[in-house]
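Examining the three-dimensional arrangement
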Amino acid sequence: MSSPATPPADAALAGQAGGPARGTRPAGSVEPGPDVLLDELRSMLAGQGLPVAADPSAPNAARAEGTAGLPAALRWAASGLMWLTGPPGRAPLVPDGPVLGRAEAAARLFGELSRQLGRAVWPDVATLLGGRAALLGLHRRGTWSANGSCRLLPAADGWIAVNLARPHDVDAVDALVGALGDQLGLVSADPCLHPVEQAWTALSVAVAARPAADVVDVARLLAIPAGELGGPRRPRPVRTVLCRSIEASRPHRAARPTPSAPASPRIGAAGAAAGVGAEPLLVVDLSAMWAGPLCAHLLGEAGMRVVKVESVHRPDGARGGDPEFYDWLHAGHESVALDFATPGGRALLRRLVERADVVIESSRPRALAQLGLDAGELVAARPGRTWVSITGYGRAYVDTHPGPDPVAFGDDAAVAGGLVAWDRSGGDAVSPVFCGDAIADPLTGLFAAVAVAASVLRGGGHLLDVAMRDVAAWVAAPPDQGMAPPDGGTGPADRGVGPAGPVPWTVTGCDRDGWNVHQAGRTQQVLPPRPPQWGPGAREAGRARAAASGADTRTVVDALCPD
């Protein structure tokens with residue numbers, strides 16, 4: 001059934017905020033120019049000890065197919081992300097902040113850095129953010145995530161996202177509902193409903209009467225991924241927890257280290273962009289699911305050697321998902337499987353990590369400690385090593401918040417960072433809707449890859465803390481919040497941000513005939529997301545498919561961990 005040909009004005013016009021409602025924020029579609037957003041990112045990295053010199057020979061705009069120069073709403077429509085944002089059956093939406101522009105700035109910076117590492121890689125942001133949705137045929141679902149596992153629920157004082165992505169999460173809902181004071185729990189749910197829908201029905205009722213923060217606290221005690229919709233706070237997307245780099249302590253003159261800086265000859269070769277006959281940097285990827293593997297994928301495309309390490313008992317859960325998606329992230333990488341439950345397996349794991357120039361992990365520090373790994377110790381043990389920790393809320397959050405480390409997936413982490421779009425079609429009843437498909441995951445993978453490349457070119461020696469919630473908050477923030485000008489400038493308004501007011505955009509059409517976005521006298525059809533394509537790293541390795549778990553264990557161990 002099609003929607004009206006012309007949606008209500010409040011739904012179609014950016015900058016026309018609805019009336020007072022829980023968790024609302026002002027709308028707007030002003031987006032600073034690409035150079036301003038790139039300077040913003042450089043300034044943030046410099047503040048974390050990762051200054052990046054400007055590359056005057058780099059392209060002037062991010063390489064997004066066919067979207068360069070389009071106004072913000074039209075670029076969102078052309079990217080495939082608008083297809084995934086908004087309520088089903090109604091006009092698709094655009095987030096208020098310059099989400100796509102900031103992601104394109106990160107992709108542009110990664111292109112500059114990877115060129116200095118020896119092989120230029122210009123990520124297509126639209127594919128990075130929407131590639132999985134294209135493979136799975138996903139569509140926007142409003143307050144349900146595109147993949148259906150996460151939902152936005154109204155609490156007594158705001159909104160929360162709860163993600164029932166695993167069987168354990170569904171099983172724990174009864175305990176959560178009981179702890180929230182609904183003694184009947186799932187017993188009161190309609191027995192004709194599927195068990196998952198019974199869980200959602202009972203949870204929705206219980207959550208409505210409780211403060212959002214209380215619900216999230218109880219959910220985390222039960223290891224259920226949940227997040228309270230974030231506000232205007234904008235934490236840094238990358239934090240340097242430890243810096244042991246020789247070069248990082250020197251005044252920055254060039255993006256690549258001097259020959260005397262790196263302790264590893266492989267880092268020296270990469271920094272010099274020699275490329276010919278140089279041994280590639282070794283990346284040991286201990287991460288799983290999406291954000292960490294995407295970081296590894298981008299580093300592999302930039303010419304690094306990636307070895308994925310998994311537990312023989314608990315391989316990467318993404319192996320059980322869409323095989324094309326897994327192949328996209330892992331094709332061309334070597335696979336090692338070890339028994340972490342045995343002293344020998346843990347010893348081999350440590351020896352592999354000790355050989356690594358770059359380590360990527362997505363585990364909580366307590367879990368790493370159980371494997372005998374301490375990130376700070378291993379970074380300090382050899383100048384030149386870069387370690388990137390990718391989690392939902394970051395090491396800093398865990399250090400300052402008692403209780404269990406929170407579990408997070410891309411959709412709930414995005415909501416916790418405030419990365420949503422707003423449905424204003426209901427007048428005063430403004431409600432958030434999911435933006436894209438688990439968008440905090442690919443954004444975090446991209447930002448982590450940028451940080452790793454910047455660290456390597458500074459000589460390494462950094463422990464980088466990258467939190468999905470903080471990355472989401474960074475890209476979602478309106479341009480007038482937290483835009484720290486680089487080099488002591490006076491602010492983005494003095495650097496050509498654009499007009500002071502929002503640039504209105506309208507949407508016309510319907511699901512049957514398609515939707516069109518109109519902005520600044522131009523029209524752009526809302527396009528579906530496009531599937532990923534395999535890059536040079538996979539082609540050079542002769543692997544169009546990801547290696548089976550443990551397929552390269554003996555070869556890698558014999559080469560890197562000889563007795």
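Conventions and cut-offs
- Residues numbered from 1 in each chain as written.
- Predicted model: local features only at pLDDT ≥ 70, side-chain atom pairs only at ≥ 80, totals over all residues.
- Heavy atoms only, no water.
- Helix = DSSP H or I, 4+ residues; strand = E, 2+ residues; numbered from the N terminus.
- Areas by Shrake-Rupley, 256 points an atom, 1.4 Å probe, with all protein chains shown as cover.
- Pairing = 2+ DSSP bridges.
- Axes fitted to C-alpha atoms, helices over the stretch in contact; angles between N-to-C directions.
- Buried < 20%, exposed > 50% of the residue type's maximum accessible area, 1.4 Å probe, protein only.
- Expected span 1.5 Å × (residues − 1).
- Contact = heavy atoms within 4.5 Å.
- Salt bridge = Lys/Arg side-chain N within 4 Å of Asp/Glu carboxyl O.

**Brief notes about the overall build of the chain**
Looking only at helices and strands, the chain features 21 helices and 15 strands. When the accessible surface of the chain is split by element, carbon and sulfur atoms take 54% of a total near 21,300 Å².

**Description of the sheet that holds strand β5 (residues 282-285)**
Strand order in this open sheet of seven strands is β4-β12-β9-β8-β5-β6-β7, and the pairing throughout is mixed. The open sheet has two edge strands, β4 (238-243) and β7 (334-338), and neither has a second partner. Within the sheet, the average angular offset between the axes of one strand and its neighbour, ignoring direction, is 20°. Two elements, strand β9 (residues 386-391) and strand β12 (residues 462-467), share five bridges in a ladder whose sense is parallel. Its bridge partner being in β12, W387 is matched across the sheet by L463.

**Some thoughts on the pairing of β9**
Among the six residues that make up β9, six are buried, leaving the element largely enclosed by the rest of the structure. Burial along β9 is two-sided: T386, V388 and I390 and W387, S389 and T391, pointing in opposite directions, are all buried. When strand β8 (residues 358-361) meets β9, the two strands line up parallel, connected through four bridges. Its bridge partner being in β9, V358 is matched across the sheet by T386.

**Structural notes on helix α8 (residues 195-208)**
Its 14 residues give α8 an end-to-end C-alpha distance of 20 Å, which sits within 8% of 20 Å, the value for a rise of 1.5 Å per residue. Those residues of α8 lying buried are Q198, A199, W200, A202, L203, A206 and V207. On its buried side, α8 packs onto β1 (150-154), β2 (159-163), α6 (167-171), α7 (173-179) and α9 (212-221).

**With respect to the pattern of salt bridges**
In total, this model carries 26 salt bridges according to the counting rule given. Between D357 and R382 there is a salt bridge, with the nearest N and O atoms lying 3.1 Å from each other. With D357 in the loop between α13 (343-355) and β8 and R382 in the loop between α15 (375-381) and β9, this pair connects stretches of sequence that are 25 residues apart. Residue D513 is joined to R512 by a salt bridge in which the shortest nitrogen-to-oxygen separation is 3.2 Å. Comparing D513 with R512, the two get one shared label, exposed. Each of D35, R42, R108 and E112 takes part in salt bridges that share partners, so that together they form one network.

**Some thoughts on the pairing of β12**
Burial analysis of β12 places six of its six residues in the buried class, which makes it a mostly covered element. Side-chain alternation along β12 places H462, L464 and V466 on one buried face and L463, D465 and A467 on a second face that is also buried. For β4 and β12, the ladder comprises five bridges, and the chain directions are antiparallel. Across the sheet, V238 pairs through a bridge with V466, a residue of β12.

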